[in-house]
Amino acid sequence: QVQLVESGGGLVQAGGSLRLSCAASGLTFSRYAMGWFRQAPGKEREFVATISWDGGVIYAASDSVKGRFTISRDNAKNTVYLQMNSLKPEDTAIYYCAANLGSQSYAPREFDYWGQGTQVTVSS
């Protein structure tokens, strides 16, 4: 069965950094585009970043993400990463990893599999 397991979340002060990991199993990882999304309580799921099978990346257009987050992948380890720097309180959310066998996309509906999420909390 397909499993995506996020890790690396936690509590961090504003301005700090976290590196999230998502370990995939049960699929041919290199065939999938991978994405990161986040969702705060009472808010809709929000696109953060995606990376294609060959390393092409797309980031959210929001200034809140641009220049601070970096998505990467290691196909040998079946793992996708999200490096988050200069964290802000508004980054607080559950961060989800997702896998998409189709074309690279920022739309949640296009992703086939989802992890359970990892909590990121940024204090002021």
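See the structure shown above.
Keep in mind it's a predicted model, so treat the numbers as computed, not measured.

K.L.:
It is not clear to me how unusual backbone geometry should be interpreted in this structure. Could you clarify?
P.N.:
Excluding glycine, residues mostly carry a negative phi; peptide bonds, for their part, are mostly trans. At asparagine 78, a residue that is not glycine, the phi angle is positive and equals roughly 50 degrees. Looking at where asparagine 78 falls in the secondary structure, it is placed in the loop between strand S7 (69–74) and strand S8 (79–84). Residue asparagine 78 is classed as partly exposed on the basis of its relative accessible area of 25%. Of note in this structure, serine 86 is not a glycine but carries a positive phi near 50 degrees.

K.L.:
I tried to follow the nonpolar core on my own but got confused; where do I start?
P.N.:
In summary, soluble globular proteins display a tendency toward joint burial of nonpolar side chains. Of all hydrophobic cores here, the largest spans 33 residues; its most connected members are Met34, Trp36, Val80, Leu82, Met84 and Tyr95. Mapped onto this core, the elements with two or more residues apiece are strand S3 (18–25), strand S4 (33–39), strand S5 (46–51), S7, S8, strand S9 (93–100) and strand S11 (118–123). For this core, the leading source of residues is S9, giving 5 residues. Ignoring sequence-local partners within four residues, the contact set of valine 80 consists of Leu20, Ser21, Cys22, Phe29, Met34, Trp36, Ile51, Ile71, Ser72, Arg73 and Cys97.

K.L.:
Any chance you could explain the pairing of S8 here in plain terms?
P.N.:
For a regular strand, side-chain orientation follows a simple rule: the groups alternate between the two sheet faces. When you tally the buried positions in S8, you get 6 out of 6 residues, the bulk of the element. Alternating residues of S8 divide into Thr79, Tyr81 and Gln83 and Val80, Leu82 and Met84, and every residue in both groups is buried. Alignment of S7 against S8, held across 6 bridges, turns out to be antiparallel. Residue isoleucine 71 lies in a different strand from S8, and its bridge partner there is leucine 82. Taken together, S7 and the strand that follows it, S8, pair antiparallel across an intervening segment of 4 residues, in which asparagine 78 is found at a positive phi of about 50 degrees.

K.L.:
Whenever I open this one, the sheet that holds S7 confuses me. Can you help?
P.N.:
Two strands in a sheet stick together by hydrogen bonds in their backbones, pointing the same way (parallel) or opposite ways (antiparallel). Overall, antiparallel pairing links the 4 strands, which are arranged S1-S3-S8-S7 in an open sheet. Looking at the sheet topology across the chains shown, the edges are occupied by strand S1 (3–7) and S7. With strand direction ignored, the average angle separating the axes of adjacent strands in the sheet is 15 degrees. Strand direction decides the pairing type here: S3 and S8, joined by 6 bridges, are antiparallel. By the bridge assignment, cysteine 22 is partnered in S8 with valine 80.

Definitions and limits used
- Residues numbered from 1 in each chain as written.
- Predicted model: local features only at pLDDT ≥ 70, side-chain atom pairs only at ≥ 80, totals over all residues.
- Heavy atoms only, no water.
- Helix = DSSP H or I, 4+ residues; strand = E, 2+ residues; numbered from the N terminus.
- Buried < 20%, exposed > 50% of the residue type's maximum accessible area, 1.4 Å probe, protein only.
- Core = buried A, V, L, I, M, F, W, Y, C linked by side-chain atoms within 4.5 Å.
- Contact = heavy atoms within 4.5 Å.
- Pairing = 2+ DSSP bridges.
- Axes fitted to C-alpha atoms, helices over the stretch in contact; angles between N-to-C directions.

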